[in-house]
Amino acid sequence: MKHTLAVLVENKYGVLTRVAGLFSRRGFNIDSLAVGITEDPTISRMTIVVRGDEHVLEQVTKQLNKLIEVIRVTDLGADESVERELALIKVNTDASNRAEIIQIVDIFRARIIDVASKSVTIEVTGDANKIKAIQTLLRPFGIKEMARTGKVALTRGSKSS
Amino acid sequence: MTGKPERMTGARAFVECLYRENVEVLFGYPGGVLLPIYDELYDAHLHHLLVRHEQAAVHAAEGYARATGKVGVCLATSGPGATNLVTGIANAYMDSIPLVAFTGQVPSSMLGNDAFQEANITGITMPITKHNYLVQDAKDLPRIIKEAFHIASTGRPGPVLIDMPKDVTTDEIDFVYPDKVELRGYKPTYKGNSQQIKRAATAIAKSKRPVIYAGGGVIGSDASKELLSFAEKIRAPVTTTLTGIGGFPNDNELYLGMPGMHGTKYANYAIQESDLLIAVGARFDDRVTGKLKSFAPNAKIIHIDIDPAEISKNITVDIPIVGDAKNILKSLLPHVSECDTKEWLDKVAIWKRDFPLYYVNRDDAIKPQYIIEQINEACPDAIIVTEVGQHQMWAAQYFKYKEPRTFITSGGLGTMGYGFPAAIGAKLGRPDKVVFDISGDGSFQMNSQEMATIVQNDIPIIIALFNNGYLGMVRQWQALFFEHRYSHTTIEDSVDFVKLAEAYGALGIRVEKPSEVRPAIEKAIEANRPVIIDFIVEREENVSPMVPAGAAINEILDLERTQ
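Since the model is a prediction, treat every value here as computed from it, not as a measurement.

Visitor: So what exactly am I meant to see when it comes to the sheet that holds strand β4 (residues 70-75) of chain A here?
Guide: Strand pairing within a sheet occurs via backbone hydrogen bonds; the two strands may be parallel or antiparallel. All names here are of chain A. Reading across the sheet, the four strands line up as β2-β3-β1-β4 and stay open at both edges, with antiparallel pairing between neighbours. Because the sheet does not close on itself, it has two edges, and the strands there are β2 (29-37) and β4. Here the average twist between neighbouring strands, direction ignored, is 20°. Relative to strand β3 (residues 43-51), strand β1 (residues 2-10) runs antiparallel, the two being bridged by nine bridges. Bridge pairing in β3 links A6 to T47. Along the sheet, helix α1 (residues 15-25) makes contact with β1, β2 and β3, crossing β3 at roughly 15°. Across the sheet, helix α2 (residues 54-66) lies against β1, β3 and β4, angled at about 5° from β1, the strand it touches most.

Visitor: Honestly, the UniProt feature "domain: Thiamine pyrophosphate enzyme N-terminal TPP-binding" (unreviewed entry) in chain B in this entry has me stumped. Any pointers?
Guide: The residues that UniProt annotates with the feature "domain: Thiamine pyrophosphate enzyme N-terminal TPP-binding" (unreviewed entry) are residues 8-120 of chain B. Taken end to end, residues 8-120 of chain B has its terminal C-alpha atoms 27 Å apart, with 41% of it in helix and 19% in strand.

Visitor: Just to check I follow, could you spell out a nonpolar patch on the surface for this structure?
Guide: Residue and element names in this part refer to chain A. Taken together, L86, L88 and I113 make up a surface patch of nonpolar side chains, about 210 Å² in accessible area. Within the element layout of this structure, I113 appears in strand β6 (residues 111-115). Residue class for I113 comes out partly exposed when judged on its relative accessible area of 42%.

Visitor: Any chance you could explain the pattern of salt bridges here in plain terms?
Guide: Scanning the entire structure with this criterion turns up 48 salt bridges over all chains. Salt-bridge contacts for R148 of chain A lead to E85 of chain A; the nearest nitrogen and oxygen are separated by 2.8 Å. Of this pair, R148 of chain A sits in strand β8 (residues 143-148) while E85 of chain A sits in strand β5 (residues 81-92), and the two are 63 residues apart along the sequence. Given a relative accessible area of 9%, E85 of chain A falls into the buried group. When salt bridges with common partners are traced through the structure, they connect K66 of chain A together with R156, D307, E310 and K313 of chain B into a single cluster.

Visitor: How do you make sense of the domain arrangement of chain A when you look at a structure like this?
Guide: A common measure of how large an interface is: the accessible area buried when the components associate. All names here are of chain A. Per the domain assignment, the segments making up chain A are domain 1 (2-76) and domain 2 (84-155). The straight-line distance from the C-alpha centre of domain 1 to that of domain 2 is 29 Å. Counting residues at the interface gives eight residues for domain 1 and seven residues for domain 2. Across the domain 1 to domain 2 interface the summed buried area is about 570 Å²; carbon plus sulfur atoms make up 64%. Together, A34, T47 and L76 form the three largest contributors to the area buried by domain 1 at its contact with domain 2, with a combined 52%. Counting every contact that joins domain 1 to domain 2 gives zero salt bridges. Our count for the domain 1 to domain 2 interface comes out at two residue pairs in polar contact (both at pLDDT 80 or more). Those elements that place two or more of their residues in the side of domain 1 that touches domain 2 are β2 and β3. A per-class count over the side of domain 1 that touches domain 2 returns four nonpolar, three polar and one charged.

Visitor: Please clarify how the interface of chain B and chain A should be interpreted in this entry.
Guide: Taken together, the contacts link 21 residues of chain B with 22 residues of chain A. For the chain B and chain A pair, buried surface summed over both sides reaches about 1700 Å², with 49% attributable to carbon and sulfur atoms. Counting across the chain B and chain A interface gives three salt bridges. Residues R184 of chain B and D40 of chain A are paired through a salt bridge, measuring 3.9 Å at the closest nitrogen-oxygen approach. Examining the composition of the side of chain B that touches chain A, we find that three residues originate from one element, strand β6 (residues 131-134) of chain B, more than from any other. Considered class by class, the residues forming the side of chain B that touches chain A number ten nonpolar, six polar and five charged.

Visitor: Which parts of the structure should I look at to understand the layout of surface pockets?
Guide: It is a probe the size of a water molecule, rolled over the atoms, that shows where empty space is left. By volume, the second largest pocket is sized at about 980 Å³. Residue lining of the second largest pocket: 42 residues in total, with Q63, K66 and L67 of chain A together with Y93 and D307 of chain B positioned closest to the centre. Elements supplying a minimum of two residues to the lining of the second largest pocket: α1, α2 and β4 of chain A together with α5 (86-94) of chain B. For the lining of the second largest pocket, the element with the highest residue contribution is α1 of chain A, accounting for five residues. Taken together, the residues of the lining of the second largest pocket sort by class into 15 nonpolar, 13 polar and 14 charged.

Visitor: Is there a simple way to think about the sheet that holds strand β18 (residues 507-511) of chain B in this case?
Guide: Residue and element names in this part refer to chain B. Reading across from one edge, β15-β14-β16-β17-β19-β18 is the order of the six strands in this open sheet, with parallel pairing throughout. Sheet topology places β15 (407-408) and β18 at the edges, where each strand pairs with a single neighbour. Note that strand β14 (residues 383-386) and strand β16 (residues 435-440) share four bridges and pair parallel. By the bridge assignment, T386 is partnered in β16 with I438.

Visitor: For this particular structure, what's the right way to read the UniProt feature "domain: Thiamine pyrophosphate enzyme TPP-binding" (unreviewed entry) in chain B?
Guide: Sequence positions flagged by UniProt for "domain: Thiamine pyrophosphate enzyme TPP-binding" (unreviewed entry) are, in local numbering, residues 388-535 of chain B. The distance separating the terminal C-alpha atoms of residues 388-535 of chain B is 17 Å; by composition the span is 40% helix and 16% strand.

Visitor: What should I look at first to understand the packing of aromatic side chains in this one?
Guide: The way to describe two aromatic rings as a pair is by their centre distance and the angle between their planes. Residue and element names in this part refer to chain B. Scanning the entire structure with this criterion turns up 18 aromatic pairs over all chains. Centroid distance Y401 to F407: 4.8 Å. Interplanar angle 50°. Geometry classified as tilted. With a relative accessible area of 7%, F407 lands in the buried category. Arranged with centres 6.2 Å apart and planes meeting at 80°, the rings of F466 and F535 form a pair that is edge-to-face. Placement of the pair is F466 in strand β17 (residues 462-467) and F535 in strand β19 (residues 531-536), with a sequence separation of 69 residues. For F466, a relative accessible area of 3% puts it in the buried group. Here the basic side chain of R539 rests over the ring of Y470, its NZ or CZ set 4.1 Å away from the ring centre.

Visitor: Any chance you could explain the side chain of S443 of chain B here in plain terms?
Guide: All names here are of chain B. Residue placement: S443 occurs in helix α19 (residues 441-444). Take S443: its relative accessible area is 2%, and that puts it in the buried class. Separated by 3.1 Å, the side chain of S443 and the backbone oxygen of V388 make a polar contact. Discounting chain neighbours no more than four positions away, the residues touching S443 are E387, V388, H391, M416 and G417.

Calculation rules
Sequence positions are assigned chain by chain, starting from 1 and proceeding in written order. As they are written, the chains are lettered A onward and the ligands numbered 1 onward, keeping that order. It should be noted that, the model being predicted, local features are given only for residues of pLDDT at least 70 and side-chain atom pairs only at 80 or more, the latter also being counted only at that level, while totals for whole chains, interfaces and linings use all residues. Calculated side-chain values reflect all of the structure's heavy atoms, with hydrogen atoms and water omitted. Two strands pair under a simple rule: DSSP has to find at least two bridges between them. What counts as a helix is a DSSP run of H or I of at least four residues, what counts as a strand is a run of E of at least two, and both are numbered from the N terminus. Only C-alpha atoms enter the line fits that serve as axes; for helices the fit covers just the stretch in contact. Angles between N-to-C directions range over 0 to 180 degrees. The contact rule is simple, with two residues in contact once any of their heavy atoms fall within 4.5 Å. UniProt positions are given in the numbering used here, feature names are shortened, and annotations may be inferred rather than shown by experiment. Think of a patch as exposed residues, more than 30% relative accessible area, with no salt bridge, where like charges cluster within 9 Å and nonpolar side chains (Val, Leu, Ile, Met, Phe, Trp, Tyr) cluster within 5 Å. To measure how exposed things are, a 1.4 Å probe is used in the Shrake-Rupley method; for residues, cover is taken only from the protein chains shown. For salt bridges, the criterion is a side-chain nitrogen of Lys or Arg within 4 Å of an Asp or Glu carboxyl oxygen. Each residue is placed in one exposure class: buried if its accessible area under a 1.4 Å probe, protein chains only, is under 20% of its type's maximum, exposed if it is over 50%, and partly exposed if it falls in between. Throughout the structure description, domain borders are defined by an automatic or database domain assignment. In short, buried area is how much 1.4 Å probe accessible area vanishes from two parts on joining, totalled over both. In protein, a polar contact means a hydrogen-donor-capable atom and an acceptor-capable atom, both N or O and within 3.5 Å, with residues adjacent in sequence counting only if both atoms are side-chain atoms; elsewhere, any N or O pair within 3.5 Å suffices. Three categories are distinguished: nonpolar for Ala, Val, Leu, Ile, Met, Phe, Trp, Tyr, Cys and Pro, charged for Asp, Glu, Lys and Arg, and polar for the others, with Gly belonging to the last. Residues are called lining when one of their atoms sits within 4 Å of a cavity or pocket point, these points coming from a 1 Å grid over the protein atoms alone, where a cavity is a set in which a 1.4 Å probe fits but cannot get out and a pocket is an open set with protein on both sides within 12 Å along at least five of seven lines. Grid points are joined across faces, edges and corners, and a volume is the space filled by probe spheres set on the points. Pairing of aromatic rings covers Phe, Tyr and Trp, the last counted by its six-membered ring, and requires centre-to-centre distances within 6.5 Å; plane angles under 30 degrees mean stacked, over 60 mean edge-to-face, and any other angle means tilted. Geometrically, a lysine NZ or arginine CZ counts as sitting over a ring once it is within 6 Å of the ring centre and also within 35 degrees of the ring normal.

This is the structure in structure tokens:
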């Protein structure tokens, strides 16, 4: 079972290590972790996807809350949320298949952000399923490189997390 | 504060901050990067105790904290000085002891370059501190020290480390000590939820077979008076964990002794047959619970703890109450009345009568349990500090503690070498008390160099050394579970402890006969100076009873009967 946690932390030196270290030493499994600054420059937001049952989720939440620099932990599964991930995918291409790739990119509402003679780089945003789907379709052309951000998420509506 | 803030170096500010925090004793060891601080300490009105190894500094600071309830403070230089603190910091973390550890660090400009005596101590201690800091600017030092003392001593107490690069101690700042701490992510809960308190009271009213299981949290929150009133009001028997010992008067009729692996049979039987277990400041450690699935199988569980993360960590709790133990017991008291426990207490009394702690005394060999009883008789108000091993369990079982903070031991981490330096801290914190370090010949040798410290500073500690020529507890396990194959646990004839005492200028007494035990203890108390009593004890005495690791706590080996 996967859970998405929104974790607001002090934007200070070493906080990421503290959080990541907590997961490793307590044996919790991180699927993805994305960090960035928020509208308040003294606060960063971490979106953490963790795998485990309800007991694990409860412990992760409580242990995170124990860290002095953690301001708030919200389980985004409890409320409806919007979630996105960005992937950059560099695909082998030549004149014969470029049109086909462009077609796939259009269907997925992705974008080509770089073109070279033997490759294109595609930017795709969406949930993990969408990224997996486009990846599956592009794989036959040969994926040279790929980078993913990990999931970022916010609660839907005006409530904040 | 009025007027212009005073201009001073970071090192001076360090000393000023310790004044503001009313620090009386600082346990430390100098080194290159600490020279600016040590130069300030030369004129400071602070008791700095020079130890012989930094590990002793942190254990001593911890012993001081446990004996007094104040924050313990230690200081070590960068690199090896800092890494020598690691064991003691982990020990304080496991037992939730308030501690502030200061370390020197190489200058900021050299950080990360593998400079001489550099170690990333904030990185190393991240998993074993409640919080830690690398001071990056001298002007932050007062705020950080204020925060550190606050974090260490509030909520669930714990160790905080402050790493100070050398330039932080030499740079000049305008000294302002903050009045308040502002940490938006740190708001411990002290008051118990009133709904939960009512639920707990209802469960208590319904219970026929309640047991109170109290831990170190009772001592940490000074809740022992409230615990006594609570237990007597509802008429429930009380068991205290190793670190909770002293939290409930041992001579009270409701007292069951310690539960768990080397607990009393009656404590374990009572837990197993209880219909309500009231855990107060205890964390369901595996040495207490044994096999989790069979622990207190018929009991509803109330868990009072200041750390929400302890709730349902090991065992599923029916009624959690998060907050300070003292506060919660106080607010619970008016809601409870005497339970109908007569039948239950009668049953417990029969267990107590039929399965007491016992050992077979002899005239021709000294039984370690007998020594503990004799110390108890000779000096019932002593502070007992222990190392780790068999002697520790005997000290937990056979001394009758009446007050909190009179039994000081390494519970969670089980640190050999802890007791002697912790006894130094305890004695400095409570100079009015006689302090015994109950020790094994194995554990004592892990920090015996501190003999020099107590002799140099004339700190009267009595080291009651239980000399059996073995690493006794490991030997016991080898005897029971490895067919008496004593692999590397024999240390006999390795040291003449009387000569060792004398070499340091202390008093050494060897005791080889039971009849000499009491006179030696009295002589040591009388001497009021550093003493080692080398008790040559029965070599293969076992700690009994014993629940094997991983068994249910009522599956008890009765070792005396099989001998």
